[in-house]
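Each chain, letter by letter, is given below.
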Amino acid sequence: MPVANFVLGPIQTNCYVLHKNSNAVIIDVGGDPKEVLTYLDTNKLTLSAICITHLHFDHIYGVAALAEQTKAPVYVPQGDSAIADTEASKGGIWGLPTVTPFSSVPIEPHETVFADMPCRILPTPGHTPGSLSYYFPEEHCVFSGDALFYRSVGRTDFPLGDSSLLFASIRKELFALPGNTLVYPGHGPSTTIHDEKANNPFCGDFC
Ligand SMILES: [Zn+2]
C-alpha cells in the first residue's frame, strides 16, 4: 500500500497518491500535477479517482489539468456546494491565481471502493461545511484534509467555518478510528490517531 506525497501549489498542499496493484487514487491536487503524472507513468498506474477533501482553492488548483490528462472522475464533497461560489473556493484572493474550472461528481459520506481498496468516506465538517475524510480501513490510513493536522487542527475563519463542528468531527469521526491509523493531512507531516489523541494541544479540552 504505497502512499506517495507531492507538495503542490502556493499553499504547499499535500497531494497523495495511494495505490494497490496497478490502480491508484489521488487525494487533493493543490497545484501543477506534472510530477504526479510522471509518478503514475513510471509506476505504470491507472488513476481510478481524484478525491477532494474540501473545495478550497489550494486543494483543487491542479484538478482540471490532472483530470484532463488522466480522464479520471473527480469526486467533491456535496456539502461544499455552499462555498463553491466564494473566493475561498474559486481562488483569486491574496493575489493568487483563480482555479481552472473542472467537472466533478458530488459525493456524500458513504462506503465505497477506490482503486481496489475499500474506503469509508467520513463527514468531517467544520473547516468547511462539507469537508470529507477518506478512510481506507485495510490500508490503516485516513486522509483528513484540513480537519486534523500533526499537532494542530484546521482554521475555521473561512466562509461557513465552524469550530465546534470541527471539534465534534475530530472527536466523533477521526478519534473513533483505531489508534494506529496513519493520518495524512492536507498540509504538513503525517501522524497517527493515537499520537494526536495524546499530543494535539488543540484537542485536549474538546476531544
Ligand atoms: Zn482548506
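Observations regarding the environment of Gly79
Thought 1: Residue placement: Gly79 occurs in the loop between β5 (74-77) and α4 (87-90).
Thought 2: Residue Gly79 is classed as buried on the basis of its 21 C-beta neighbours within 10 Å.
Thought 3: With 13 residues separating them along the chain, Gly79 and Leu66 place their C-alpha atoms 23 Å apart.
Thought 4: Among residues more than four places away in sequence, those in contact with Gly79 are Pro125, Pro129 and Gly130.

Points about the sheet that holds strand β2 (residues 13-20)
Thought 1: Reading across from one edge, β1-β2-β3-β4-β5-β6 is the order of the 6 strands in this open sheet, with mixed pairing throughout. Looking at strand neighbours, the two that pair on one side only are β1 (3-8) and β6 (105-107), the edges of this open sheet. Adjacent strand axes in the sheet meet at a mean angle of 25°, parallel and antiparallel pairs treated alike.
Thought 2: As defined by bridge partners, strand β3 (residues 23-27) adjoins strand β4 (residues 46-51) across 5 bridges and the pair is classed as parallel.

A closer look at helix α5 (residues 163-174)
Thought 1: When the terminal C-alpha atoms of α5 are compared, their 15 Å separation across 12 residues agrees well with the 16 Å that a helix rising 1.5 Å per residue should span.
Thought 2: Where the residues of α5 are buried, they touch β8 (117-123), β9 (132-136), β10 (141-145), β11 (148-149), β12 (152-153) and α6 (193-199).

Brief notes about helix α3 (residues 63-70)
Each turn of an α-helix holds 3.6 residues, which means side chains three or four residues apart point in the same direction.
Thought 1: Those residues of α3 lying buried are Val63, Leu66, Ala67 and Thr70. One face of α3 carries all of its buried residues, which in axial projection span an arc of 95°.
Thought 2: Buried residues along α3 sit in contact with α1 (34-42), β4, α2 (57-60) and β5.
Thought 3: Where α3 terminates, the next one or two residues include Lys71, which has phi positive at roughly 65°.

Observations concerning unusual backbone geometry
Thought 1: Backbone geometry places Asn21, a non-glycine residue, at a positive phi of 50°.
Thought 2: Of note, Asn21 is situated in the loop between β2 and β3.
Thought 3: In this structure, Lys44 takes a positive phi of about 55° despite not being glycine.
Thought 4: Within the fold, Lys44 resides in the loop between α1 and β4.

Here we look at the pairing of β8
Thought 1: The pairing of strand β7 (residues 111-114) with β8 spans 4 bridges and is antiparallel. For Thr112, the partnering residue across the bridge sits in β8 and is Cys119.
Thought 2: Connecting the antiparallel pair β7 and β8 is a turn made up of 2 residues, with Ala115 showing a positive phi of about 50°.
Thought 3: Summarising the sheet, β8 and β9 pair through 4 bridges and their orientation is antiparallel. Paired with Ile121 across the bridge in β9 is Tyr134.

Concerning the pairing of β5
Thought 1: Where β4 meets β5, 2 bridges bridge the pair, whose relative direction is parallel. Pairing of Cys51 across the sheet is with Tyr75, part of β5.
Thought 2: As paired elements, β5 and β6 share 3 bridges and run parallel to each other. In the strand pairing of β6, Val76 is matched with Pro106.

Basis of the calculations
Residues numbered from 1 in each chain as written. Predicted model: local features only at pLDDT ≥ 70, side-chain atom pairs only at ≥ 80, totals over all residues. Helix = DSSP H or I, 4+ residues; strand = E, 2+ residues; numbered from the N terminus. Buried ≥ 20, exposed ≤ 12 C-beta atoms within 10 Å, placed from the backbone. Contact = placed C-beta atoms within 7 Å. Pairing = 2+ DSSP bridges. Axes fitted to C-alpha atoms, helices over the stretch in contact; angles between N-to-C directions. Expected span 1.5 Å × (residues − 1). Arc of directions from axis to C-beta.

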